[in-house]
Amino acid sequence: MMQTENFLSRITVNPEVMAGKPTIRGLRITVEQILSALSGGITEEELLVEYP
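Residues numbered from 1 in each chain as written. Predicted model: local features only at pLDDT ≥ 70, side-chain atom pairs only at ≥ 80, totals over all residues. Heavy atoms only, no water.

Novice: Residues and numbers for the overall build of the chain, please.
Specialist: Counting secondary structure elements, the chain contains three helices and two strands. Walking the chain from its N terminus toward its C terminus, one meets helices and strands in the order α-β-β-α-α. Across its three principal axes, the chain shows a C-alpha extent of roughly 30 × 20 × 20 Å. Out of the 52 residues belonging to the chain, those deemed buried represent 13%. Summarising the internal contacts of the chain: among those between residues at least 6 apart in sequence, 5% fall at separations of at least 24. On the chain, roughly 4200 Å² of surface is accessible, and the fraction owed to carbon and sulfur atoms is 58%. (Helix = DSSP H or I, 4+ residues; strand = E, 2+ residues; numbered from the N terminus. Buried < 20%, exposed > 50% of the residue type's maximum accessible area, 1.4 Å probe, protein only. Contact = heavy atoms within 4.5 Å. Areas by Shrake-Rupley, 256 points an atom, 1.4 Å probe, with all protein chains shown as cover.)

Right under this line is the structure:
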């Protein structure tokens, strides 16, 4: 599992991307989408397949 500092370095906020919601750097996927998927039962491995 990744360390917290590594996660935080991958999060960016840009008011012109995804309505300013925090996103994963370089992708058009929000932190909210990732957390929702994880809480819905998607595994970390499955997310990495979908979003390498």
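After that view of the structure, there is still more to cover.
Novice: Pulling in residues and values, what's your account of the confidence of the model for the chain?
Specialist: In this model, the chain carries a mean pLDDT of 87, and residues with pLDDT of at least 70 account for 92%. Here helix H1 (residues 4–9) is the element of the chain with the lowest mean pLDDT, 75, and helix H2 (residues 31–39) is the one with the highest, 93. (pLDDT = per-residue confidence, 0-100.)

Novice: Any details on the side chain of Thr30? Residues and values, ideally.
Specialist: One can find Thr30 in the loop between strand S2 (23–24) and H2. Setting aside residues up to four positions removed in sequence, Thr30 forms contacts with Met18, Lys21, Pro22 and Thr23.

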